[in-house]
Amino acid sequence: MYKSKRKWLIVIIFLITLVIISAGLFVSNPTFASIYPQLFSQSNQNEPKLDPTSFSAEDLSTNEASEMAQNSLEQWEKKILKGANWVHLLYQINSEIDNGVILPDGKSMPSSYLEEGWYFINENGLVEKNIVTLRDEFETIYQQSVLSGSTEYNLTFEDKMDGAEPYKLKLDRGFTQYLMEVDALHIPIKYIDITNNNKSIKEFSFEEIYETPIQENQIAKPIQSAVVVGLFDNETGEMITYRKLLKCVTGEQILFEEWHLLIAEILPVAPSSVLDVLENVK
Amino acid sequence: MSWINFSGSSDAISAKMVRKLGTTPAKWAADIASYTDNPPITITLGWTYFSATEKCGSVIKQNIQGGARSVQKKETANGIFVTTMSCSSTRYGKSAGKHEYKFGGNTVRDDWYQQDVIP
């Protein structure tokens, strides 16, 4: 009896130790914190904070909303992330914020552009190679990147990164994960069904209200909240639109980012122009 | 990165960090610090430039400048908060800057960056 209790005590101590060690692994980069703890804590104190209590009680539970978005996304993924195929996605990206990117020719990259991606999905449903092009409607290329093997190339900036691995294509560009993070902070998400051009659409929206207005480095005026909207096609599960507006303390609203899905298709073979670019980076 | 005995008996140290913010979703920060240690002493230190860059795969989505700094102190630090842009592949955050330390007519500069995945 005594031996049995002692055995359980050892097991419990071992599990507690394991939990403490695991938690330590998830703390932000320990190097910076350990070499200079005072500066590390100062920068944490400067973080913007949300005020989740200022939302009305009539909003839906976030769990319910994020699960609905996740279900739509999975419906779309089943259809499009099929192995040994090319996925072609074309988005219109709009913004009123200067992205600060200076292109090699010395010109600023526009805030609004088309983003066209060709992604080869392997048998495991992961992207094995891709070509992503930021361009205008007249085929003027702002940036072009390639993933080939374990290397990612930025052909525009003649830059490359090694160590890349096949990854899961985020068809919603990270929106569902965003909803989950919002959920974790107990911010209510509003959900409504709307109809547009005889198309049934699910609309998710939420507002992040900051405890105190925050200064974003690329925006002159302090921001008091961010309003986010995501639209899914009810029939296909496709996420078709995303919008993030920043509300300034002055009442002005700035479009931080908006995207519209223009093309989503799967093809057995990519066009020769795409394959040629891939071939040339080898 | 550090220079042992840069100012006689003290070390000059440079640090950078990329971190996802815990209190707000869809935000990350690039941090930079220049300081002296073993023991800390007051010298002229800072950086000649500091920037935060967000990439989606290898495409550069945004690049925010944090400016230069040169102060007479034992340490100085700054951070740039970045709202993430949507991304279909892997998102990276990069904190870049050239640290600068001056003491007794001697100046050293160190240009490097820290890049990490932003989930």
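Preceding this paragraph is the structure being described.
In this text, all values refer to a predicted model and were calculated from it rather than measured experimentally.

Asker: Honestly, the nonpolar core in this entry has me stumped. Any pointers?
Answerer: Among soluble globular proteins, nonpolar side chains are generally buried collectively. Counting 44 residues, the largest nonpolar core has Leu89, Tyr119, Leu169, Leu171, Phe175, Phe204 and Phe206 of chain A as the members making the most contacts within it. For this core, the leading source of residues is helix H4 (residues 62-80) of chain A, giving 6 residues. Excluding its chain neighbours within four sequence positions, the residues that come into contact with Leu169 of chain A are Leu81, Val87, Leu89, Tyr119 and Val127 of chain A together with Ser88 of chain B.

Asker: It is not clear to me how the side chain of Thr151 of chain A should be interpreted in this structure. Could you clarify?
Answerer: All names here are of chain A. As for its position among the elements, Thr151 is in strand S5 (residues 151-154). A residue is classified by how much of its surface remains accessible, and Thr151, at 10% relative accessible area, is buried. There is a polar contact of 2.9 Å between the side chain of Thr151 and the side chain of Asp162. What Thr151 contacts, discounting residues up to four positions off in sequence, is Val146, Lys160, Met161, Asp162 and Ala164.

Asker: When you look at the state of the cysteines in this model, what are you seeing that I'm missing?
Answerer: Note on terminology: a disulfide is the covalent bond linking the sulfur atoms of two cysteines. Residues and elements named next belong to chain B. As enumerated under the stated definition, the model contains 1 disulfide over all chains in all. Disulfide partner of Cys56: Cys87, at an S-S distance of 2.1 Å. Judged by the torsion about the S-S bond (90°), the Cys56/Cys87 disulfide is right-handed. A residue pair is termed long-range when its members are at least 10 positions apart, and Cys56 in strand S4 (residues 43-56) and Cys87 in the loop between strand S7 (75-83) and strand S8 (91-103) qualify at 31 residues. Taking the relative accessible area as the measure of exposure, Cys56 reaches 10% and is therefore buried. Using a relative accessible area of 1% as the deciding quantity, one classes Cys87 as buried.

Asker: What is the right way to look at the interface of chain B and chain A in this model?
Answerer: Contact with chain B, which involves 44 residues of that partner, is made by 54 residues of chain A. Roughly 4100 Å² is buried in total at the junction of chain B and chain A, and carbon and sulfur atoms are behind 55% of that figure. On the chain B side of the interface with chain A, the three residues burying the most area are Pro25, Phe81 and Ser88 of chain B, jointly 16% of the side's total. Across the contact surface, chain B and chain A share 3 salt bridges. Notably, a salt bridge pairs Asp159 of chain A with Lys55 of chain B, separated by 3.5 Å at the nearest N-O pair. For the pair chain B and chain A, the interface holds 16 residue pairs in polar contact (both at pLDDT 80 or more). Counting residues per element, the ones that place at least two in the side of chain B that touches chain A are strand S2 (10-20), strand S3 (27-37), strand S5 (59-65), S7 and strand S9 (106-117) of chain B. For the side of chain B that touches chain A, the element with the most residues is S5 of chain B, which contributes 7 residues.

Each value, and the rule that gives it
Residues numbered from 1 in each chain as written. Chains lettered and ligands numbered in written order. Predicted model: local features only at pLDDT ≥ 70, side-chain atom pairs only at ≥ 80, totals over all residues. Heavy atoms only, no water. Core = buried A, V, L, I, M, F, W, Y, C linked by side-chain atoms within 4.5 Å. Buried < 20%, exposed > 50% of the residue type's maximum accessible area, 1.4 Å probe, protein only. Helix = DSSP H or I, 4+ residues; strand = E, 2+ residues; numbered from the N terminus. Contact = heavy atoms within 4.5 Å. Polar contact = N/O pair within 3.5 Å; in protein donor to acceptor, adjacent residues only side chain to side chain. Disulfide = S-S within 2.5 Å. Buried area = accessible area lost by both parts, 1.4 Å probe. Salt bridge = Lys/Arg side-chain N within 4 Å of Asp/Glu carboxyl O.

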